[in-house]
Amino acid sequence: MSVVRTHRTRLAALGSVLIAGSLAVTGCSSTSSTSSTSSSSGSSSGSSSGSITSPTAVPSLAARLPAAVKSSGKLVVGVDASYAPNEFKDDSGHIQGMDVDLAGAIAAKLGLKADVQDSQFTAIIPGIQSNKFQLGMSSFTDSKDREATVDMVTYFTAGTSMAVKKGNPNKISATDLCGKKVAVQTGTTQADEIKNTLNPACQKAGKPTIPNDGDKFDLQTDVTNALVAGRDDAMLADSPVVDYAIKISGQLEKVGDTTDTAPYGAVVAKGSPLTPAIQGAIQSLIDDGTYAQILQKWGVQAGAITKSVVNGAVS
């Protein structure tokens with residue numbers, strides 16, 4: 001099975017904390033939180049412990065900021081807080097996760113505070129284009145299609161993974177999902193892949209297709225809940241999201257290999273002077289070790305990169 005996802009065309013991911021073996025679902029709302037690397041790393045049953053060095057501002061990077069952003073003193077960041085461990089809400093509704101900590105660290109490098117705002121995933125890129133957000137940090141896979149409308153600054157790598165109920169009671173094969181009920185988040189590459197690649201292949205082979213081009217949900221938390229509840233046979237999502245859901249729920253397992261590894265990109269307005277500042281901040285975090293500390297905290301070190309680039313899509 002070849003699943004190409006604009007990993008959430010974000011790969012959209014698990015968005016709330018799994019508590020006492022069950023999913024506590026939290027919906028996306030207008031909730032916002034002003035975050036730094038210290039304030040955005042609150043504890044919950046879904047977070048990991050770890051010390052993160054507070055980054056110091058780099059004057060040469062701050063000098064690249066657009067005047068309006070610099071004078072505001074903040075970086076407004078859009079996330080879809082339903083994709084743990086990358087971005088999600090704790091029990092009190094505080095937005096946290098790998099992307100949230102990275103956003104706070106990026107802002108600190110630029111002499112700013114991160115104002116992290118919860119948004120529906122599909123509204124983040126339009127929000128960048130309308131200047132509602134200056135930065136999108138929500139597990140967006142860097143793709144050629146996205147690069148046509150926004151800038152993408154690489155900071156992580158992930159692939160697509162599949163999860164099923166523990167013990168795989170329905171004997172789901174990672175190489176043949178024809179006729180199976182597969183849960184995905186709306187607007188993700190996984191959803192596109194079912195429609196554009198997997199189902200046409202099923203038709204060509206004379207097999208039943210995946211019903212409705214996938215069981216689609218606006219929130220990744222609902223995707224995961226549907227699988228846990230037995231409504232669906234499998235779910236497709238970004239590899240760190242699937243790994244986290246398996247670890248926290250205790251009710252799921254991975255089937256098959258992670259496929260189609262590609263970079264995540266921080267989203268910035270096309271051609272914005274903010275783009276090189278964001279790239280410089282990410283590279284500075286990589287070089288000084290803060291980046292590694294954040295990934296270690298959330299247990300996602302496998303996706304680390306050593307060099308951040310602007311518009312580095314592989315497809």
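Residues numbered from 1 in each chain as written. Predicted model: local features only at pLDDT ≥ 70, side-chain atom pairs only at ≥ 80, totals over all residues. Heavy atoms only, no water.

A.B. asks: Residues and numbers for the confidence of the model for the chain, please.
C.D. replies: This prediction gives the chain a mean pLDDT of 86; 84% of its residues lie at or above 70. Low pLDDT (under 50) marks residues 1–32, which in the prediction has 190 contacts with non-local residues, meaning those over four places away or in another chain. Confidence drops under pLDDT 50 across residues 35–48; counting only partners more than four residues distant or on other chains, this segment forms 50 contacts. (pLDDT = per-residue confidence, 0-100. Contact = heavy atoms within 4.5 Å.)

A.B. asks: Which residues make up the pattern of salt bridges, and what are the values?
C.D. replies: Under the criterion given, the structure shown has 7 salt bridges. Two residues, K74 and D115, come together in a salt bridge whose shortest N-O distance is 3.7 Å. One end of the pair, K74, is in strand β4 (residues 74–79); the other, D115, is in strand β8 (residues 113–118), with 41 residues separating them in the sequence. K74 gets classed as partly exposed once you look at its relative accessible area, which sits at 36%. The partner of R231 in a salt bridge is D215, and the shortest N-O contact between them spans 2.9 Å. Of the two residues, R231 sits in the loop between α7 (220–228) and β13 (234–238) while D215 sits in strand β12 (residues 215–217), which places them 16 residues apart along the sequence. A relative accessible area of 48% means that R231 is categorised as partly exposed. (Salt bridge = Lys/Arg side-chain N within 4 Å of Asp/Glu carboxyl O. Helix = DSSP H or I, 4+ residues; strand = E, 2+ residues; numbered from the N terminus. Buried < 20%, exposed > 50% of the residue type's maximum accessible area, 1.4 Å probe, protein only.)

A.B. asks: Please provide a residue-by-residue account of helix α9 (residues 274–288), values included.
C.D. replies: The end-to-end C-alpha distance of α9 is 21 Å, a good match for the 21 Å that 15 residues give at a rise of 1.5 Å each. By the criterion of burial, α9 is predominantly enclosed, with 12 of the 15 residues buried. Those residues of α9 that fall on the buried side of the exposure criterion are L274, T275, A277, I278, Q279, G280, A281, I282, Q283, S284, L285 and I286. In the segment just after α9, G289 is the residue with positive phi, at about 90 degrees. (Expected span 1.5 Å × (residues − 1).)

A.B. asks: Explain the state of the cysteines residue by residue, including any values.
C.D. replies: Inspection of every chain in the model, using the stated rule, returns 1 disulfide. Covalent S-S linkage joins C178 and C202, the inter-sulfur distance amounting to 2.0 Å. Handedness of the C178-C202 disulfide follows from its S-S torsion of about -95 degrees: it is left-handed. Taken together, the residues C178 in the loop between β10 (150–165) and β11 (182–185) and C202 in helix α6 (residues 189–204) connect sequence positions 24 residues apart. A single burial state applies to C178 and to C202, both of which are buried. (Disulfide = S-S within 2.5 Å.)

A.B. asks: I'd like a description of the packing of helix α3 (residues 98–109) against helix α10 (residues 290–298), backed by residues and values.
C.D. replies: At a closest axis distance of 9 Å, the pairing of α3 and α10 adopts a crossing angle of 160 degrees. If you check the angle between α3 and α10, you find them roughly antiparallel. Viewed along their axes, α3 and α10 form a crossing whose handedness is right-handed. Here M98, D101, L102 and A105 of α3 lie close against α10, whose contacting residues are T290, Y291, I294, L295, K297 and W298. (Axes fitted to C-alpha atoms, helices over the stretch in contact; angles between N-to-C directions. Parallel < 35°, antiparallel > 145°, perpendicular 65-115°, else oblique. Left-handed = near helix turned anticlockwise from the far one by under 90°.)

A.B. asks: Describe the packing of aromatic side chains, listing the residues and the values that go with them.
C.D. replies: All told, the structure shown has 5 aromatic pairs when counted by the stated rule. Measuring from centroid to centroid gives 4.6 Å for F121 and F140, while their planes differ by 25 degrees, and the two rings are stacked. Within this pair, whereas F121 is found in the loop between β8 and α4 (124–129), its partner F140 is found in the loop between β9 (135–136) and α5 (144–147), the two being separated by 19 residues in sequence. Assigned by exposure class, F121 and F140 land together as buried. On the numbers, 5.3 Å between centres and 35 degrees between planes, the contact of F156 with Y264 is tilted. Residue F156 is located in strand β10, and its partner Y264 is located in strand β14 (residues 252–269); the two are separated by 108 residues in the primary sequence. Residue Y264 is classed as buried on the basis of its relative accessible area of 0%. Through successive ring pairs, a cluster of aromatic residues spans F88, Y244 and W298. (Phe/Tyr/Trp six-rings, centres within 6.5 Å; stacked < 30°, edge-to-face > 60°.)

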